[in-house]
Amino acid sequence: MAEYDYDVLVIGAGPGGYVAAIRAAQLGLKTACADSRDTLGGTCLNVGCIPSKALLNASHYFEEASSGALVKHGIKFSGVELDLPTMLGDKDEAVKGLTSGIEFLFKKNKVEWLKGLATFKDAHSVEVAGKTVTAKNIVIATGSSVTQLPGIDVDNDKGIVVDSTGALALPKVPEHLVVIGGGVIGLELGSVWKRLGAKVTVVEYLDQILPGMDGDVRKEAAKIFKKQGFDIKTSTKVTGVSVSGSKATVSVEPAAGGEATMIEADVVLVAIGRKPNTDGLGLDKIGIEVNKRGQIETDHDFATKVDGVWAIGDVIPGPMLAHKAEDEGVAVAENIAGLTGIVNHDVIPSVVYTHPEIAGVGLTEEQAKERGSVKTGKFPMMANSRAKAIRDTEGFVKVIADAETDKVLGVWIIASPAGDMIAQAAQAMEFGASSEDIAYTCHAHPTHAEALKEASMAVQGKPIHM
Ligand code: FAD
Ligand code: NAI
């Protein structure tokens, strides 16, 4: 009889966990994956990336059709109506398709799905739904959940004070949505409800929205969102939210202190960040402590300090992004199988799926300057022929390169397809490209991607179309 039930047991079936499980099974390891949800795919597929992108797309169509934005293209609509239940139903269909797709992939790759909350008994055994299972290797991929704001009670069922999960399923368009937090969730889900007709106020504690992004991008993004009609209150803190009947009152005051004011809202979305999921996991039974941010620390191979226990995704340090978790899933499985699994954490793109999209990879200009001298090149989408042809010219591409070696250190883009454009920048950086390498790569015309070529030419001071 084998010493363990499984070679690999993965806890959590999000983009980190399900990918790790599939890759481990592909490498010939007997694998199981435990998850406490009814469906596979974790936060991303069930209540994150997928439903939010479905609603961003549908609400964009609605806004284009209803706002008269297409009239300039010679397309006139009249009597455009919102059928919100169908829009939400369509989003649920997209989620169902993708979560059941993972179920199919598990069956295809012979990954066993263990339904239930997993708790460590020791470093090689875990209890799931009252049954103990053992594994030679256990991968913790338990992800993250919403950070609560002390004193503010989220109740997604009531639909007045909600988190991102509640904001993906509001039964009607609020007249006034107040978003606490000017980060990615606030701007994406704020965009959805704004496009569907809500007035949206974003309250952000810091002096700028989108923390972590390049300074120019943060400034330009704020301008664009304000032009779209967002009321953005930066350097403002929320001191309380009270609910009376179907309305909420949000009390805010300047972050530095000062007079309090009240904002009336139909819905309040709390989106102030996410925290790693380790409660109930029984880490104390195996001697793992979390760091100050509640994360499990690992080495470069994703091994924890306990032999045979590994960790990946949102539960470990680094950006809380699905593709980062996925890449770590592949790498950890390869390391368990004795191969060399590596993730280059310096080249993880991030995308905000608003309109225009906002994307970046590598260092911000501010970070790059702290490390040495840099050259930058910027090219406005206003001068890009494709953007002009389709009359969607907001944004720019910015390339940051090392002043001496010309190696690309960071790329930042605001453009309607920025999320797709950033892939090229990530690949170039992964291959150690210089800005000159990108500038001398032939780009198809007319494409948005030419703006990256021109911004790279601008690093040398010689863009053509500007
Ligand atoms: P998760 O996806 O959180 O999965 C962990 C799973 O483990 C969950 O199903 C959880 O229920 C389960 N679990 C936890 N503890 C246990 C336990 N003890 N036993 C059994 N199961 C357990 N990222 C992007 O890259 N792009 C996006 O567009 C994007 N959009 C987002 C939109 C929203 C609204 C939100 C909330 C997040 C979004 N994210 C996006 C972030 C992305 O969802 C996460 O980075 C990603 O899901 C992390 O993957 P993970 O595998 O680490 O964890
Ligand atoms: P976030 O970290 O992106 O933004 C939270 C914002 O809230 C910050 O700007 C912060 O300064 C502000 N804040 C914190 N406390 C506050 C307070 N008391 N009052 C007012 N503002 C306050 O977090 P968010 O938007 O909740 O998203 C969580 C994570 O989910 C993201 O960091 C990202 O990793 C992931 N995500 C990724 C998406 C994507 O890739 N497109 C989409 C959605 C989420």
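Residues numbered from 1 in each chain as written. Chains lettered and ligands numbered in written order. Predicted model: local features only at pLDDT ≥ 70, side-chain atom pairs only at ≥ 80, totals over all residues. Heavy atoms only, no water.

### Details of the site of ligand 1
So, point 1. Around ligand 1, the surrounding shell holds 38 residues, and the nearest of these are Arg37, Thr43, Lys53, Ala118 and Ala322.
So, point 2. With respect to ligand 1, the backbone of Cys44 contributes an N or O atom lying 3.4 Å from an oxygen atom.
So, point 3. Counting only elements with at least two residues in the shell around ligand 1, the list comes to α1 (15-26), β2 (31-35), α2 (42-47), α3 (49-66) and α8 (322-336).
So, point 4. It is α2 that provides the largest number of residues to the shell around ligand 1, a total of four residues.
So, point 5. Per-class residue counts for the shell around ligand 1 are 17 nonpolar, 16 polar and five charged. (Near = heavy atom within 4 Å. Polar contact = N/O pair within 3.5 Å; in protein donor to acceptor, adjacent residues only side chain to side chain. Helix = DSSP H or I, 4+ residues; strand = E, 2+ residues; numbered from the N terminus. Nonpolar A, V, L, I, M, F, W, Y, C, P; charged D, E, K, R; others polar.)

### Describing the packing of α1 against α8
So, point 1. Contact geometry for α1 and α8: axes closest at 7 Å, N-to-C directions at 30°. Considering their axes alone, α1 and α8 lie roughly parallel with respect to each other. The two elements α1 and α8 meet at a crossing, and its hand is right-handed. Note on element contacts: α8 touches α1 through Ala322, Ala325, Glu326, Gly329, Val330, Val332, Ala333 and Glu334, opposite Pro15, Gly16, Val19, Ala20, Arg23 and Ala24.
So, point 2. When its residues are assigned to classes, the contact of α1 with α8 shows nine nonpolar, two polar and three charged. (Axes fitted to C-alpha atoms, helices over the stretch in contact; angles between N-to-C directions. Parallel < 35°, antiparallel > 145°, perpendicular 65-115°, else oblique. Left-handed = near helix turned anticlockwise from the far one by under 90°. Contact = heavy atoms within 4.5 Å.)

### Re the pairing of strand β10 (residues 199-203)
So, point 1. Buried residues dominate β10, accounting for four of its five residues.
So, point 2. The parallel pair strand β9 (residues 176-180) and β10, bridged by helix α6 (residues 184-195), forms a crossover whose chirality is right-handed.
So, point 3. Where β10 meets strand β11 (residues 231-233), three bridges bridge the pair, whose relative direction is parallel. Looking at the pairing, Val202 lines up with Ile232 of β11. (Buried < 20%, exposed > 50% of the residue type's maximum accessible area, 1.4 Å probe, protein only. Right-handed = clockwise from strand over helix to strand, strands pointing away. Pairing = 2+ DSSP bridges.)

### A look at the site of ligand 2
So, point 1. Of all residues adjacent to ligand 2, which total 22 residues, the nearest are Glu188, Glu204, Gly273, Met320 and Val351.
So, point 2. At 3.3 Å from an oxygen atom of ligand 2 is found a main-chain nitrogen or oxygen belonging to Val184.
So, point 3. Surface burial for ligand 2 is 79%, taken as the share of its 830 Å² of free accessible area covered by protein chains.
So, point 4. If one sorts the elements of the shell around ligand 2 by residue count, α6 sits on top with three residues. (Areas by Shrake-Rupley, 256 points an atom, 1.4 Å probe, with all protein chains shown as cover.)

### A short note on the domain arrangement of the protein
So, point 1. On domain assignment, one finds that the protein holds domain 1 (6-146 + 275-336), domain 2 (161-272) and domain 3 (350-459).
So, point 2. Distance from the C-alpha centre of domain 2 to the C-alpha centre of domain 3: 29 Å.
So, point 3. In this assembly, 18 residues from domain 2 lie in contact with 18 residues from domain 3.
So, point 4. Connecting domain 2 to domain 3 are four salt bridges.
So, point 5. Across the salt bridge formed by Asp216 and Lys378, the nearest N and O atoms sit 3.3 Å from each other. (Domains from an automatic or database assignment. Salt bridge = Lys/Arg side-chain N within 4 Å of Asp/Glu carboxyl O.)

### Things to note about the sheet that holds strand β14 (residues 261-265)
Within a sheet, neighbouring strands are paired by backbone hydrogen bonds and run either parallel or antiparallel to one another.
So, point 1. On the basis of which strands lie adjacent, the open sheet formed by three strands has the order β12-β13-β14 and antiparallel pairing. Every interior strand has two partners, whereas the edge strands, β12 (236-244) and β14, have only one. Strand-to-strand twist of the sheet, defined as the mean angle between neighbouring strand axes without regard to direction, takes the value 25°.
So, point 2. Two strands pair when backbone bridges link them, and β12 and strand β13 (residues 247-254) are joined in this way by eight bridges, in the antiparallel orientation. The residue of β13 that forms the bridge with Thr236 is Pro254.

### Some words on a nonpolar patch on the surface
So, point 1. Taken together, the side chains of Ile75, Phe77 and Val80 present a nonpolar region at the surface, about 240 Å² in accessible area.
So, point 2. Tracing the backbone shows Ile75 in the loop between α3 and α4 (84-109).
So, point 3. Assessed through its relative accessible area of 38%, Ile75 is described here as partly exposed. (Patch = residues over 30% accessible without salt bridge, like charges linked within 9 Å, V, L, I, M, F, W, Y side chains within 5 Å.)

### Focus on the pattern of salt bridges
So, point 1. In this structure the tally under the stated criterion is 16 salt bridges.
So, point 2. A salt bridge links Lys233 to Asp231, with the shortest nitrogen-to-oxygen separation between them at 3.3 Å.
So, point 3. The class for Lys233 is partly exposed, based on a relative accessible area of 29%.
So, point 4. On the basis of relative accessible area, Asp231 is assigned to the partly exposed category, the value being 25%.
So, point 5. A salt bridge links Lys247 to Asp266; the nearest nitrogen and oxygen atoms lie 2.7 Å apart. Note that Lys247 is positioned in strand β13 and Asp266 in the loop between β14 and β15 (267-270), a separation of 19 residues in sequence.
So, point 6. Residues joined by salt bridges that share partners form a network here, namely Asp214, Asp216, Glu365, Lys369, Lys378 and Lys398.

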